[in-house]
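# Understanding the architecture of this molecule
Okay, here's what each chain looks like letter by letter:
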Amino acid sequence: MAVVTLAERGDLSDAARRFLGTESGSAVLLVGAAVVALLWANLGGGYETFWHTPLAVSFGESALDLDLRHWVNDGLMVLFFLSVGLEIARETTLGELRGFRALAAPAAAALGGLVVPALFFLALNADGEAAGAWGIAISTDTAVMLGVLALLGPRCPDQLRVFLLALAIVDDIGAVLAIALFYTDEVDLLALLVAVVLLAGLLALRWVRFWRTPFYAVVGVLCWVAVLRSGVHPSVVGVALGLLVNAYAPRRTEMVEAVRIGKNFLLDPTPERARTARAVAVAAVSPNERLQQAIQPWSSYVIVPLFVLANAGVVLSSETLSAAATSMLTWGIVLGLVVGKPIGVAAATWIALRTGLGRVPDTLRWGQLMGGAALSGIGFTVALFVTELALTDELLVAEAKIGILTGSVLAALSGWLVFRLAGERGGQCAPSGLPTLPPRPWRPAD
């Protein structure tokens, strides 16, 4: 019988923590949550009953009454969209989305990856209730896509990962706009006005660089309640709040001050100087990056897997499987994700490069780009999210979820196959003679 020592247990737990901290670890958690949801719905029983359990929060005569699924979808998922907004703000300020040409190619690719899958879907679902579910086929699941890329190893160069990350960010913007514009029924203008005023107040505080996390959190919760009451989906609140958080490189004066306070602490390590050193060091980092560090683990490893657990469960009975096999809704989603996404991404990227509007690194090959375009068809989190907003009939919801799961698996397999067969071939995306801009080195802000 094998005996595991305490030291070995420590090594195993450290290895598990390191794995969960990787992109492939995050993807494994999502897939695991989907498997558990499917087993629960098909073997355990009580899946829908549990997630429809009501939970009310009351304050005086006011009450907010939602079931558990809506608390996850409309409540906790706002933190996921907040992390998306923070990432967008940071990348457009400090990251890979700075400058028009750096943004043009992935933005064009994302636009093609939003429009073409919707057209493929509508080609099979031009009318009826399913026609309004076109938003299911347009989204890319960033976490699972990056997880698959991490598993591919050397076949996926860093340049492609950066390109696809920028594409996914723009794709998220498009998906959130689609939710706000097309999946909102009735709007309470007074409640929406309250939310706009609160966001305007945060915008004003951003300009004067005022930041207090508790104050920001309270205003954020009030804004979420107002938007929820207005009828607009609160995912918009998360992205808006994230965009309003300042992102900037550490300023030289603040870094010099942090070094000075740190030296004083080393000379005389008192509790007061420790608190001062910590406060000065924290203040040198932008609120955007501090908030990202606090939210990202909860978003990636708790909230999104919990969302998948609450929404991916579908009964795979003979009735639902036979209905899905002949359902234009199911096939429209599969066609949009597996065929429409790679065509839209690759064609739009080619146009951006051909016209000179955008650029990609010279070392990036078309075989690698086509593999990444195929992987962008992995639509999971936001696709399930839109399903709950677009469809009410239980059989249609089941058919849509089967289409999402099938399409995402096929997109992952097709992407892996393209990398396997053509990842190192296919010629460079940009001719070697074309000038490209060198990467901007990081330096502290003055």
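The structure displayed is predicted, hence computed values, not measured ones. (Residues numbered from 1 in each chain as written. Predicted model: local features only at pLDDT ≥ 70, side-chain atom pairs only at ≥ 80, totals over all residues. Heavy atoms only, no water.)

## Quick notes on the overall build of the protein chain
- Across its full length, the protein chain holds 18 helices and 2 strands.
- Here the protein chain, with 446 residues, has 47% of them falling under the buried criterion.
- Expressed as a percentage of contacts within the protein chain between residues at least 6 apart in sequence, the contacts between residues at least 24 apart total 82%.
- Accessible surface computed for the protein chain: about 22300 Å², of which carbon and sulfur atoms make up 68%. (Helix = DSSP H or I, 4+ residues; strand = E, 2+ residues; numbered from the N terminus. Buried < 20%, exposed > 50% of the residue type's maximum accessible area, 1.4 Å probe, protein only. Contact = heavy atoms within 4.5 Å. Areas by Shrake-Rupley, 256 points an atom, 1.4 Å probe, with all protein chains shown as cover.)

## With respect to the pattern of salt bridges
- Per the stated rule, a full pass over the model turns up 4 salt bridges.
- Here R90 and E289 are joined by a salt bridge, their closest N and O atoms 3.4 Å apart. Taken as a pair, R90 in helix α4 (residues 68–93) and E289 in helix α13 (residues 287–311) lie far apart in primary sequence, 199 residues in all.
- On the accessibility criterion, R90 (24% relative accessible area) is partly exposed. (Salt bridge = Lys/Arg side-chain N within 4 Å of Asp/Glu carboxyl O.)

## Things to note about the nonpolar core
- If you look at the biggest cluster of nonpolar residues, it comprises 84 residues, and the most contacted ones within it are I136, F163, V308, L329, I333, L375 and L391.
- With 12 residues, helix α7 (residues 158–182) is the single largest residue contributor to this core.
- Apart from residues lying up to four places away in sequence, L375 is in contact with M145, V148, L149, L152, A411, A412, G415, W416 and F419.
- A195, A226, V227 and L241 belong to the second-largest nonpolar core, a separate cluster that totals 17 residues. (Core = buried A, V, L, I, M, F, W, Y, C linked by side-chain atoms within 4.5 Å.)

## A few points about the packing of helix α15 (residues 328–355) against helix α18 (residues 394–422)
- One way to put it is that α15 packs onto α18 with a least axis distance of 8 Å and a crossing angle of 25 degrees. With respect to α18, the axis of α15 lies roughly parallel. Note on packing geometry: the crossing formed by α15 with α18 is right-handed. Residue-level contacts link L329, T330, I333, V334, L337 and V338 of α15 to L396, E399, A400, I402, G403, I404, T406, G407, S408, L410 and A411 of α18. (Axes fitted to C-alpha atoms, helices over the stretch in contact; angles between N-to-C directions. Parallel < 35°, antiparallel > 145°, perpendicular 65-115°, else oblique. Left-handed = near helix turned anticlockwise from the far one by under 90°.)

## Examining the side chain of S83
- Tracing the backbone shows S83 in helix α4.
- Overall, S83 belongs to the buried group, its relative accessible area being 7%.
- Setting aside anything within four residues of it in sequence, one finds S83 in contact with I295, Q296 and S299.

## Things to note about the environment of Q159
- Locating Q159 in the fold gives a position in helix α7.
- The class for Q159 is partly exposed, based on a relative accessible area of 31%.
- As a C-alpha pair, Q159 and L364 span 205 residues in sequence and 6.7 Å in three-dimensional space.

## Let's talk about the pairing of strand β1 (residues 54–59)
- For β1, the buried fraction is low: 0 of the 6 residues fall into the buried class.
- Of the pairings in the sheet, the one linking β1 to strand β2 (residues 62–67) comprises 6 bridges and is antiparallel in character. Note that in β2 the partner of F59 across the bridge is S62.
- Counting the residues between successive antiparallel strands, the hairpin from β1 to β2 contains 2 residues, one of them, G60, with a positive phi of roughly 65 degrees. (Pairing = 2+ DSSP bridges.)

## Considering a nonpolar patch on the surface
- A contiguous nonpolar patch, built from L190, L193, V194, V196 and V197 and spanning about 470 Å² of accessible area, is present on the exposed surface.
- When you line up the elements, V194 lands in helix α8 (residues 189–207).
- Looking at V194, the relative accessible area reads 40%, which means it is partly exposed. (Patch = residues over 30% accessible without salt bridge, like charges linked within 9 Å, V, L, I, M, F, W, Y side chains within 5 Å.)

## Concerning the packing of helix α17 (residues 381–390) against α18
- Two numbers describe how α17 lies on α18: the axes approach to 10 Å, and their chain directions differ by 170 degrees. With respect to their mutual orientation, α17 and α18 come out roughly antiparallel. Contacts between α17 and α18 involve A383, L384, T387 and E388 from the first element and V397, A400, K401 and I404 from the second.
- In the contact of α17 with α18, the residues fall into 5 nonpolar, 1 polar and 2 charged. (Nonpolar A, V, L, I, M, F, W, Y, C, P; charged D, E, K, R; others polar.)

## Observations regarding the confidence of the model for the protein chain
- Taken over all residues, the pLDDT of the protein chain has a mean of 80, while the share at 70 or more is 87%.
- Confidence scores differ between elements of the protein chain, with helix α1 (residues 6–20) showing the lowest mean pLDDT of 43 and α15 the highest of 93.
- Taken as a whole, residues 15–21 scores under 50 in pLDDT and shows 8 contacts with residues more than four places along the chain or in a different chain.
- Contacts for the low-pLDDT stretch residues 431–446, under 50 throughout, to residues beyond four places or in other chains number 20 contacts. (pLDDT = per-residue confidence, 0-100.)

## Examining the packing of aromatic side chains
- A complete count under the given rule lists 9 aromatic pairs for this structure.
- Here W40 and W51 contribute two aromatic rings whose centre-to-centre distance is 6.0 Å and whose plane-to-plane angle is 55 degrees, an arrangement assigned as tilted. Here the residue W40 occupies a position in helix α2 (residues 23–44), and W51 occupies one in helix α3 (residues 47–51), the gap between them amounting to 11 residues.
- Among the residues examined, W40 registers a relative accessible area of 24% and is labelled partly exposed.
- A connected cluster of aromatic rings, assembled from ring pairs, spans W40, Y47, F50 and W51. (Phe/Tyr/Trp six-rings, centres within 6.5 Å; stacked < 30°, edge-to-face > 60°.)

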